[in-house]
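Understanding the architecture of this molecule
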Amino acid sequence: MKYADYAKWTNRATQWIETHFATLRDKPVRAQTQIGEIAARLPASPPEHATDMETIIADFEHIVPDGITHWQHPRFFAYFQSNAAPASMIAEQLTNAIAAQCMLWQTSPAATEIEQVMIDWFRQAMALPDGFKGVIQDSASSATLSAVLTMRERATGFTGNDTGLSTQPRLRIYCSEQVHSSIDKACWVAGIGQDNLIKIPTNSAYQMDPAALQSAITADRAAGHTPAGVILCTGGTSIGACDDLPPVLAISRAEDLYTHLDAAWAGSAMICPELRDIWVGAENCDSIVFNPHKWLGANFDCSIQFLKDPDIQRRTMGLRPSYLETPQASEITNFNEWTVPLGRRFRALKLWFLVRAYGLEGLRERMRNHVKWAQELEAKLAAHPDFTITTHSRLSLFTFQHTPANADPNTASANLLQKINDDGRIYLTQTLHNGAFVIRFVAGQFDCTRDDVMLAYDVITELANSAPTGDQS
Ligand SMILES: *Cc1c(COP(=O)(O)O)cnc(C)c1O
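These numbers were taken from a predicted model, which means no experiment stands behind them.

With that out of the way, let us pick up the side chain of arginine 172. With respect to the element layout, arginine 172 can be found in strand S2 (residues 171-176). Judged by its relative accessible area of 10%, arginine 172 falls in the buried class. Polar contacts involving the side chain of arginine 172 include one to the main-chain carbonyl oxygen of aspartate 195, which spans 3.4 Å. When sequence neighbours within four positions are dropped, the list of residues in contact with arginine 172 reads Asp195, Asn196, Ile198, Asp220, His225, Thr226, Pro227, Ala228 and Gly229.

Next up, the structure:
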């Protein structure tokens, strides 16, 4: 295929996409294929000679769609949504065609400058103070790794990169038990080590206990360790836990620790002023991450990391070999110096399209509806004798158990979840909460309607009636 044939084949792909969206509500949300079924449809060896695009697209149509779990299905209520608003998809198509590598300002000034403007638009939309800067990363995992590396370098007087950690005192990082596994992984990869990530107990609202944090820091200093940073969460993945930020930030400031706030999912909703009570004090964090590629509507991947003082992170990762030197370096931003990877996609374009095509008000309206509908569903399930709400709606996320009489609730819930996902009309996933198997419900797909959410009630209660309620699995 040649560049000159691009329009022909992209039109062909567009036709497929149109049919795909027109029929999406009728498809099972979670892929129903068996392990190995898709791989078995591909030849075992690569082709030596060119295949025509007609055949390639026909094979795509026959082989791939069955094996797709439809994240853009309006009844995807699992994990956290990974949205792709139509306007963002169009921007991503242009980004694909431009295919620029945006590591330096001069390798595509538009990418760097639109990124800076988008960061500032979202800073304003989320009511963060003037002065916060930021960078778009591929994922919250990368942003958190960047923050942990920054904690490490700051705590070692910027010597860790040079000397390694073997001659340093143990660095300690603190978080609650409700944080996402990406925090653990960042500590593995940054050389901090799992043993030095101290999980502070939580109170009855699943928030980090400030007194326990203070004692842990004091004990660590007494033992000769070096406290380096605190990681907080607004909207934890399991049940949506939100730390009470001010008391923890007060301790962090007094102890001179760097702070990072993980709001990967819930951050999108912070464009709604009336929902901001869950992150009061966020403006006092050093680093904040949220994923526009989750609830907001930008295509994966797109993760914004706000930074109060970007120089600390740039000092941590700003390697500048001679082949990357550019003129006017003091007047421009070369974003690769803020991140682990050198290469960067043009991710700001889809944010620009997204915000303009729907307006902040259009984006807010969606999230407000999702929150309202999730609460409505929670109330309906709470009123049903065979269901128990295990954690209440935090924004649009709540958890529940199937609790019929004379059955083990963990087994009954696991059985019901499997029935639901084999049925395919909706998609839900589970978490372990206080040792119990609970089913998570999250609303947040871009096209989701109230009817979609209410259909979840019908599917859950219908399949619960047909579910074996005992211990047979
Ligand atoms: C989804 C999520 C992450 C991980 O996000 P990636 O962008 O996939 O790395 C981290 N923290 C929280 C709270 C999340 O919800």
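Let us keep going from here.
Tracing the sequence through the fold places leucine 232 in strand S4 (residues 226-233). Spatially, the C-alpha atoms of leucine 232 and glutamine 207 are 9.3 Å apart, while their sequence positions differ by 25 residues. Once residues within four sequence positions are removed from consideration, leucine 232 is found in contact with Met208, Asp243, Leu245, Val248, Leu249, His260, Leu261, Asp262 and Cys285.

Attention now moves to the packing of aromatic side chains. Tallied over the entire structure, the rule returns 16 aromatic pairs. Plain terms: the ring middles of tyrosine 358 and phenylalanine 446 are 4.9 Å apart, the flat faces sit at 70° to each other, and that makes the pair edge-to-face. With a gap of 88 residues between them, tyrosine 358 in helix H12 (residues 348-383) and phenylalanine 446 in the loop between strand S11 (436-442) and helix H14 (450-466) connect regions that are remote in the sequence. Between the aromatic rings of phenylalanine 398 and phenylalanine 400, the centroid separation amounts to 6.0 Å while the plane-to-plane angle is 40°, which identifies the pairing as tilted. Side by side, phenylalanine 398 and phenylalanine 400 carry an identical accessibility label, which is buried. Through a chain of ring-to-ring contacts, three or more aromatic side chains come together here, namely Phe77, Phe387, Phe398, Phe400 and Phe441. Over the face of the ring belonging to phenylalanine 80 we find arginine 440, whose NZ or CZ atom lies 5.0 Å from the ring centre.

Moving on, we come to the nonpolar core. Of all hydrophobic cores here, the largest spans 63 residues; its most connected members are Trp279, Phe306 and Leu351. The biggest single contributor to this core is H12, with eight residues. In this structure, this core is formed jointly by two domains, domain 1 (1-30 + 69-84 + 360-473) and domain 2 (101-345), each of which donates at least three residues. Leaving out residues up to four positions away in the same chain, phenylalanine 306 has contacts with Ile119, Phe122, Arg123, Met126, Leu128, Phe132, Lys133, Gly134, Asp286, Ser287, Ile288 and Phe290. In terms of nonpolar packing, the next biggest core, distinct from the first, is built from 26 residues, Leu377, Leu416, Ile420 and Ala443 among them.

With respect to spatial proximity, 14 residues lie near the ligand, and among them Ala140, Ser141, Asp262, Asn291 and Lys294 are the closest. Within the contact set of the ligand, an oxygen atom lies 2.5 Å away from a side-chain nitrogen or oxygen of serine 141. Interatomic distance of 2.9 Å between a side-chain N/O atom of asparagine 291 and an oxygen atom of the ligand. Taken together, the elements giving at least two residues each to the shell around the ligand come down to helix H5 (140-155) and helix H10 (292-296).

Let's shift gears to the environment of aspartate 422. Relative to the helices and strands, aspartate 422 resides in helix H13 (residues 409-423). Distance from aspartate 422 to alanine 241, taken between C-alpha atoms, is 29 Å for residues 181 residues apart in sequence. In this structure, aspartate 422 is in contact with Arg30 and Gln32, ignoring residues within four places of it in sequence.

What follows concerns the domain arrangement of the protein. For the protein, the assigned domains read domain 1 (1-30 + 69-84 + 360-473) and domain 2 (101-345). One C-alpha centre belongs to domain 1, the other to domain 2; they are set 30 Å apart. Counting from both sides, the interface comprises 27 residues of domain 1 and, opposite them, 26 residues of domain 2. Summed over both partners, the interface of domain 1 with domain 2 comes to about 2,300 Å²; 65% of that surface belongs to carbon and sulfur atoms.

Attention shifts here to the sheet that holds strand S3 (residues 197-200). Read from one edge to the other, the open sheet built from seven strands follows the order S1-S7-S6-S5-S4-S2-S3, with strand pairing classed as mixed. With one partner strand each, in any of the chains shown, strand S1 (133-137) and S3 form the two edges of the open sheet. The average angle at which neighbouring strand axes cross in this sheet is 20°, direction not considered. With four bridges joining them, S2 and S3 adopt parallel strand pairing. Within S3, the position partnered with isoleucine 173 by the bridge is leucine 197. Where helix H9 (residues 245-254) meets the sheet, it contacts S4 and strand S5 (258-262), and its direction lies at approximately 165° from that of S4.

Below, the discussion takes up the pairing of strand S7 (residues 303-307). In terms of burial, S7 is largely enclosed, as five of its five residues are buried. Here S7 shows two buried faces, one formed by Ser303, Gln305 and Leu307 and the other by Ile304 and Phe306. For S1 and S7, the ladder comprises five bridges, and the chain directions are antiparallel. By the bridge assignment, glycine 134 is partnered in S7 with phenylalanine 306. Bridging between strand S6 (residues 287-290) and S7 involves four bridges; their strand directions are antiparallel. What sits directly across from serine 287, in S7, is leucine 307.

Definitions and cut-offs
- Residues numbered from 1 in each chain as written.
- Predicted model: local features only at pLDDT ≥ 70, side-chain atom pairs only at ≥ 80, totals over all residues.
- Heavy atoms only, no water.
- Helix = DSSP H or I, 4+ residues; strand = E, 2+ residues; numbered from the N terminus.
- Buried < 20%, exposed > 50% of the residue type's maximum accessible area, 1.4 Å probe, protein only.
- Polar contact = N/O pair within 3.5 Å; in protein donor to acceptor, adjacent residues only side chain to side chain.
- Contact = heavy atoms within 4.5 Å.
- Phe/Tyr/Trp six-rings, centres within 6.5 Å; stacked < 30°, edge-to-face > 60°.
- Lys NZ or Arg CZ within 6 Å of the ring centre and 35° of its normal.
- Core = buried A, V, L, I, M, F, W, Y, C linked by side-chain atoms within 4.5 Å.
- Domains from an automatic or database assignment.
- Near = heavy atom within 4 Å.
- Buried area = accessible area lost by both parts, 1.4 Å probe.
- Pairing = 2+ DSSP bridges.
- Axes fitted to C-alpha atoms, helices over the stretch in contact; angles between N-to-C directions.

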